[in-house]
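Analysis of the macromolecular model
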Amino acid sequence: MSPAFAASKPAELLLLLLCRPTGVTRDEVGLAFWPDASSLKVKNSFHVMLHRLRRALGRDDWVASDRDRYRVASTVVVDFDAHRFQHGAQALLGTAQQGVAPNLDTVDHLLGLYDGEFLQGSSAGDWHLEVRERLRRLHGELIRTRAQLLEAEGRMAEAADTWRTLLGRDHLDDAACRALMLCEASRGRRIEALRVYEAFARLLDEELGAAPEVETRAVFDALRCPGLSS
């Protein structure tokens, strides 16, 4: 794929089709690409864009149509990193919910597939934001899983670093704050755990005018006055 095509609307259409394997209608594409255009304008623009996409791919049959739905043909095998990450993460997290402990190496492999937020910095339409959020949520759940696996193996320093990574991507995550505090405390770093809370509470107040959750405050109080905890 040439750089010029990669930055074009036909390339964005290809990504849209890859993200919606069941297909999209012309009207759905119009809503995603030209939300304020007339039906006639959408019809003309769509067919021009589709023609350019098929020409860039070199095969008309790679984009199939059936009853006004367009999709990447089922015979075409596409190595799409977003798909590999999403399917792998969903499968791993699904087995974890069934009580099967994930493999740490597999978690690390999947995390390596996440190369930043989907279409970050692009001029793509708002259609991609739902995809970005879904992939970002899965990425966060994998980081959380990694931290928990490291804790289970007693690798507390690595677990603390992983909790910090999670808190760094969402610095208002109460659960991540609590987990990092407890992890640092388990390493004998009680003062550092208290600092984590204080920094978190300050950010929460500055950005949302809110206080940490009751559970997070309870961890802080227990660590601040360990002799008073039951």
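Structure first, text after, so check above.
Anyway, here's the lowdown on the structure attached to this text. (Residues numbered from 1 in each chain as written. Predicted model: local features only at pLDDT ≥ 70, side-chain atom pairs only at ≥ 80, totals over all residues. Heavy atoms only, no water.)

**Examining the pattern of salt bridges**
Throughout the structure, instances matching the rule amount to 16 salt bridges. Taking the shortest distance from any N to any O, the salt bridge between Arg84 and Asp79 comes out at 2.7 Å. Assessed through its relative accessible area of 39%, Arg84 is described here as partly exposed. The salt bridge partner of Arg146 is Asp108, with a shortest N-O separation of 2.6 Å. Of this pair, Arg146 sits in helix α7 (residues 127-152) while Asp108 sits in helix α6 (residues 104-113); the two residues are 38 residues apart in sequence, bridging distant segments of the chain. Connected through salt bridges with shared partners, the residues Arg164, Glu184, Arg187, Arg189 and Glu192 form a single ionic network. (Salt bridge = Lys/Arg side-chain N within 4 Å of Asp/Glu carboxyl O. Buried < 20%, exposed > 50% of the residue type's maximum accessible area, 1.4 Å probe, protein only. Helix = DSSP H or I, 4+ residues; strand = E, 2+ residues; numbered from the N terminus.)

**Points about the nonpolar core**
Leu13, Val29, Phe33, Trp127 and Met181 are the most contacted members of the largest nonpolar core, which has 65 residues in total. Counting residues per element, this core draws most heavily on α7, which supplies nine residues. In contact with Leu13, not counting residues within four places along its chain, are Val29, Phe33, Met49, Leu50 and Leu53. (Core = buried A, V, L, I, M, F, W, Y, C linked by side-chain atoms within 4.5 Å. Contact = heavy atoms within 4.5 Å.)

**Looking at the environment of Met49**
For Met49, the position within the fold is in helix α4 (residues 39-57). Take Met49: its relative accessible area is 4%, and that puts it in the buried class. Once the C-alpha coordinates of Met49 and Asp36 are considered, the two residues, 13 residues apart in sequence, prove to be 17 Å apart. In contact with Met49, other than residues within four places in its own chain, are Lys9, Pro10, Leu13, Val29, Phe33 and Trp34.

**What about unusual backbone geometry?**
For residues that are not glycine, phi is negative in most cases, and the peptide bond is trans in most cases. Here Arg67, not a glycine, exhibits a phi torsion of approximately 55 degrees, which is positive. Within the element layout of this structure, Arg67 appears in the loop between β2 (63-66) and β3 (69-72). Judged by relative accessible area, Arg67 falls into the exposed class, the value being 81%. Of note in the backbone geometry, Leu119 takes a positive phi value of approximately 55 degrees without being a glycine. Summarising the element assignment, Leu119 is placed in the loop between α6 and α7.

**Things to note about α6**
Within the sequence span of α6, burial applies to Leu104, Val107, Leu110, Leu111 and Leu113. At its buried positions, α6 is contacted by α5 (81-97) and α7. Of the residues that open α6, the one with a side-chain oxygen 2.8 Å from the backbone nitrogen of Asp105 is Asn103. (Polar contact = N/O pair within 3.5 Å; in protein donor to acceptor, adjacent residues only side chain to side chain.)

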